[in-house]
Each structure stands twice: as structure tokens, then as C-alpha cells.
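Topology and contacts: notes
Given next are the chains, with one letter for each unit.
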Amino acid sequence: MSESPAGRMHVNAHTTPFLPYDMEGPVQPEMSWLPVSYDEATGQGTYLMRMEPGAVTIAHDHAGMEEFLILEGDLVDSDGTTFGPGDFVSYDAGTHHNSWTDTGCLIAVFEWQRPE
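A brief report on the enclosed structure follows. (Residues numbered from 1 in each chain as written. Predicted model: local features only at pLDDT ≥ 70, side-chain atom pairs only at ≥ 80, totals over all residues. Heavy atoms only, no water.)

Reading across from one edge, S3-S4-S5-S13-S7-S10 is the order of the six strands in this open sheet, with antiparallel pairing throughout. Two strands in the sheet have a free side with no partner beyond their single neighbour: strand S3 (19-21) and strand S10 (88-91). Pairs of neighbouring strands in the sheet enclose a mean axial angle of 30 degrees, with direction left out of account. (Pairing = 2+ DSSP bridges. Helix = DSSP H or I, 4+ residues; strand = E, 2+ residues; numbered from the N terminus. Axes fitted to C-alpha atoms, helices over the stretch in contact; angles between N-to-C directions.)

What follows is the structure, given as C-alpha cells:
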């Protein structure tokens, strides 16, 4: 990651090392993530998530909005819907789901709260 000029952050999904993924509890070795603007204290911000072929997320509830854009590969949601490159998915606060991938995927995830 680099910051230049002041206030700008730049990451490259193909060259920046990803971190072990543990957002739903235990580390899931078949998944990794790259925080961009994500703040763990508030649970808000943006990150990239890479899932290896066959990876499955742990079922989880959304405290706020969760939106994601499929950049590469496929992602299958718990209702059986398959999303591919270019698909943008939005979940409202209070929703519950899990996802998996057959081929592996790279997604950009946006977590935020609606203003009250």
C-alpha cells in the first residue's frame, strides 16, 4: 500500500500481500483480505477479499450495509444465486447469509451504516 499525494491510498490487488481472513471468527486459510479503508473498531470501510476455489464463508449477520462487487471469478450465495464479474450485490442491515465459490474469486467489499 502506498499513500501519495497526501490523502490518497493506492493498493494493487495483484501485487499487494493479502492478510489471513478472520472476520467471522477463526482464520479461514482458503480466504484472505486486504483492508483498504476498513476500520475494525467501527466495522465500516472497504476491503478486497480473495477466496480460493472451494472456499465457503461462515454464515453471518450484517450489522450494517454490506455491498460487494465481483472483480474476478464466481460467488454463489446461500439462496443459490451465482454472481460473476461485474455483478454488484447489496445487503441491508439485519440480513443473514453465507457464500461460496467454485472457481475462486476476488471481490471488493464495502461495509457502511445508513445515516439515521
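The tally for this structure, following the rule as stated, stands at one cavity of 30 Å³ or more. Empty space within the largest cavity amounts to approximately 120 Å³. Residue lining of the largest cavity: 15 residues in total, with Met49, Thr57, His60, Glu66 and Ile107 positioned closest to the centre. Among the residues making up the lining of the largest cavity, the classes are represented as eight nonpolar, four polar and three charged. (1 Å grid on protein atoms, 1.4 Å probe; cavity = no way out; pocket = protein on both sides within 12 Å on 5 of 7 lines; lining within 4 Å. Points joined across faces, edges and corners; volume = space filled by probe spheres on them. Nonpolar A, V, L, I, M, F, W, Y, C, P; charged D, E, K, R; others polar.)

For the rest of this paragraph, the subject is the pattern of salt bridges. Applying the stated rule across the entire model yields one salt bridge. Its salt-bridge partner being arginine 114, residue aspartate 92 comes within 3.3 Å of it at the nearest N-O pair. Remark: arginine 114 occurs in the segment after strand S13 (105-112) and aspartate 92 occurs in the loop between S10 and strand S11 (96-97); sequence separation between them is 22 residues. (Salt bridge = Lys/Arg side-chain N within 4 Å of Asp/Glu carboxyl O.)

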